[in-house]
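Here are the chains, one letter per residue:
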Amino acid sequence: MSEPNDAPILAFEDVSFGFGDQYALRNATFEVRRGETLIIHGAAGSGKTVLLKIALGLLRATSGRVTVFGEDVTRLSEREWYAVRSRIGVLFQEGGLFDSLTIEDNVAYPLLNQGRLNVSEEKVQARVEQSLEFVELGHTLEKFPSELSGGMRR
């Protein structure tokens, strides 16, 4: 799937999200094009995380329209979101590791579970070790996230 060069990578058109008459996000409208940077800044509880979760399809907007890579994703099913999410990189503020998996298994997880990456099972181990060595964490393969410092988890 490819989008026209002038199409926004992400666009919100009058997007709101709420529970009953309590809104966490109201009438958000913006677009981000290839090569642009958008900073989302606001007080605690102002809707920053809600906005990001809608952009990733983790929450569904109450109203409005969301497009990602030129595709209207406003009403996609969870299964339909898989292909869209495979094109999006997310870095969690506090690390996004599964606490029940070893570091090795955490690093291998996207390689094994995102078909778009197309990494054979035979090559996963080498990629995991190479990636962890690159960030000087090769010695953490068998550790769990709780055994690492905050910086190491990030």
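Above this text sits the structure in question.
Residues numbered from 1 in each chain as written. Predicted model: local features only at pLDDT ≥ 70, side-chain atom pairs only at ≥ 80, totals over all residues. Heavy atoms only, no water.

1. Looking at helix H2 (residues 78–85)
Going by this rule: To sort residues, take the accessible area from a 1.4 Å probe on protein chains only and compare it with the maximum for the residue type: under 20% means buried, over 50% means exposed, and anything in between is partly exposed. In this text, helices come from DSSP runs of H or I with a minimum length of four residues, and strands from runs of E with a minimum of two, each type numbered from the N-terminal end. Starting at the helix axis, one direction is taken to each C-beta atom, and the arc is that of these directions. In what follows, a contact means two residues having at least one pair of non-hydrogen atoms within 4.5 Å.
Those residues of H2 that sit buried are Trp-81, Val-84 and Arg-85. Looking straight down H2, one finds that the buried residues subtend no more than 90° of arc, so they occupy a single side. Those residues of H2 hidden inside the fold are in contact with helix H1 (48–55), strand E3 (63–68) and strand E4 (71–72).

2. Things to note about the pattern of salt bridges
Counted only if it meets this: Every case where a carboxyl oxygen of Asp or Glu lies within 4 Å of a side-chain nitrogen of Lys or Arg is listed as a salt bridge.
Applying the stated criterion to the full structure yields four salt bridges. Of the charged contacts in the structure, one is a salt bridge between Glu-31 and Arg-33, with a shortest N-O distance of 2.7 Å. One salt bridge connects Arg-65 with Asp-72, and the closest N-O pair in it is separated by 3.1 Å. Residue classification places Arg-65 among the partly exposed positions, given a relative accessible area of 34%. Judged by its relative accessible area of 36%, Asp-72 falls in the partly exposed class.

3. A short note on the pairing of strand E2 (residues 22–32)
Our working rule: At least two bridges found by DSSP between two strands are what make those strands a pair.
Strand direction decides the pairing type here: strand E1 (residues 10–19) and E2, joined by seven bridges, are antiparallel. Within the sheet, the bridge partner assigned to Phe-17 lies in E2 and is Leu-25. Joining the antiparallel neighbours E1 and E2 is a turn of two residues, in which Gly-20 adopts a positive phi near 65°.

4. A word on the packing of helix H3 (residues 103–113) against helix H4 (residues 121–134)
To be explicit about the condition: Note on definitions: angles span 0 to 180 degrees between N-to-C directions of axes, and those axes are lines fitted to C-alpha atoms, for helices only across the stretch in contact. An angle below 35 degrees is read as roughly parallel, one above 145 as roughly antiparallel, one from 65 to 115 as roughly perpendicular, and any other as oblique. Handedness of a crossing follows from how the near helix is turned relative to the far one, being left-handed for an anticlockwise turn of less than a right angle and right-handed for a clockwise one. In this classification, the charged set is Asp, Glu, Lys and Arg, the nonpolar set is Ala, Val, Leu, Ile, Met, Phe, Trp, Tyr, Cys and Pro, and all remaining amino acids, among them Gly, are polar.
At their nearest, the axes of H3 and H4 sit 9 Å apart, and the two run at 125° to each other. With respect to H4, the element H3 is oriented oblique. Read as a crossing pair, H3 and H4 show a hand that is right-handed. Contacts between H3 and H4 involve Ile-103, Glu-104, Val-107, Ala-108, Leu-111 and Leu-112 from the former and Glu-121, Val-124, Gln-125, Arg-127, Val-128, Ser-131 and Leu-132 from the latter. Class assignment of the residues belonging to the contact of H3 with H4 gives a composition of eight nonpolar, two polar and three charged.

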